[in-house]
Amino acid sequence: MTLLSSVPRRSREVDKLRRGHLAPLLASGLIATIAMTLVAWLLWPTWGSKTFDNNEQLPVSIGETLFNIPPHAFRRKVQRHSGPQESVDLNFVYPSLAMPGAPRRVTAETIDETPQPIDRIFLSIAAHHDTLAPDVRLRTIYPRYLDETRTQSQDGLSITAFRDRTPYAGEDLFVAETPALAARCTRDAATPGMCLSERRIGGADLTFRFPRQWLTDWHEVVGAMERLAQQLQGPQN
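In short, a report on the structure. (Residues numbered from 1 in each chain as written. Predicted model: local features only at pLDDT ≥ 70, side-chain atom pairs only at ≥ 80, totals over all residues. Heavy atoms only, no water.)

## Here's the deal with the overall build of the protein
So, point 1. Within the protein one finds three helices and eleven strands.
So, point 2. Order of helices (α) and strands (β) in the protein, N terminus to C terminus: α-β-β-β-β-β-α-β-β-β-β-β-β-α.
So, point 3. For the protein, buried positions account for 33% of its 237 residues.
So, point 4. Taking as baseline every contact in the protein between residues at least 6 positions apart, the subset at least 24 positions apart corresponds to 50%. (Helix = DSSP H or I, 4+ residues; strand = E, 2+ residues; numbered from the N terminus. Buried < 20%, exposed > 50% of the residue type's maximum accessible area, 1.4 Å probe, protein only. Contact = heavy atoms within 4.5 Å.)

Given below as structure tokens:
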């Protein structure tokens, strides 16, 4: 009788012990499930095919300077968001400065067609981190490499070639005072020459790029760059 009565008692003790171990396991499993659900919710992609309004602007801070940028002006989708960024790459239709449409599709049948003329003015905005300012470079760096014997004037615009075997060999410097312009341009060759013009606003440098042939009407180019800088610049403190 003693043997028989001890068996149920031990069974109850074993069951009690198992239940004691099972409760912490269930609690741990529940906590782990909640944690995994929370992480999945936080990491779940929130982006979608958002349609931007043509009048919408994204506030972007570059070098702690605020710019208001139309979403359709971004050349790279990864940069198409508000908030602080190190740099952005933009483009606008010239001379209207309208937002560019979708790029023309190129197929095997059209790849050999005559390329369309460039109708965009490209703009890169990047934090300068206290590097040499564009106007300082114009006064102190470029003159070291210019060939003053190869200077000509065209409609108030002076054109000076850079010397051969210098960092800017094969380029020309275009400078005007009224309205102000400084542009470094490559020469036409297998591909059309392109110009680069820089200016500094707050903590950011703006670099405009456009075809050299546009300088035949350089007053219009300067006006377009000025309008863009004013349109994009946000309120300054």
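## Brief notes about the sheet that holds strand 1 (residues 58-62)
So, point 1. Overall, mixed pairing links the three strands, which are arranged 2-1-3 in an open sheet. Edge positions in the open sheet fall to strand 2 (65-69) and strand 3 (83-84), since each of these has one partner strand only.
So, point 2. As defined by bridge partners, strand 1 adjoins strand 2 across five bridges and the pair is classed as antiparallel. Paired with Leu58 across the bridge in strand 2 is Ile69. (Pairing = 2+ DSSP bridges.)

## Some words on the side chain of Ser124
So, point 1. Along the chain, Ser124 turns up in strand 5 (residues 120-127).
So, point 2. A polar contact of 3.0 Å, which involves the side chain of Ser124, links it to the side chain of Asp89.
So, point 3. Polar side-chain contacts of Ser124 include one of 3.4 Å to the side chain of Arg209.
So, point 4. If we ignore the near neighbours within four places in the chain, the residues touching Ser124 are Val88, Asp89, Asp205, Leu206, Thr207 and Arg209. (Polar contact = N/O pair within 3.5 Å; in protein donor to acceptor, adjacent residues only side chain to side chain.)

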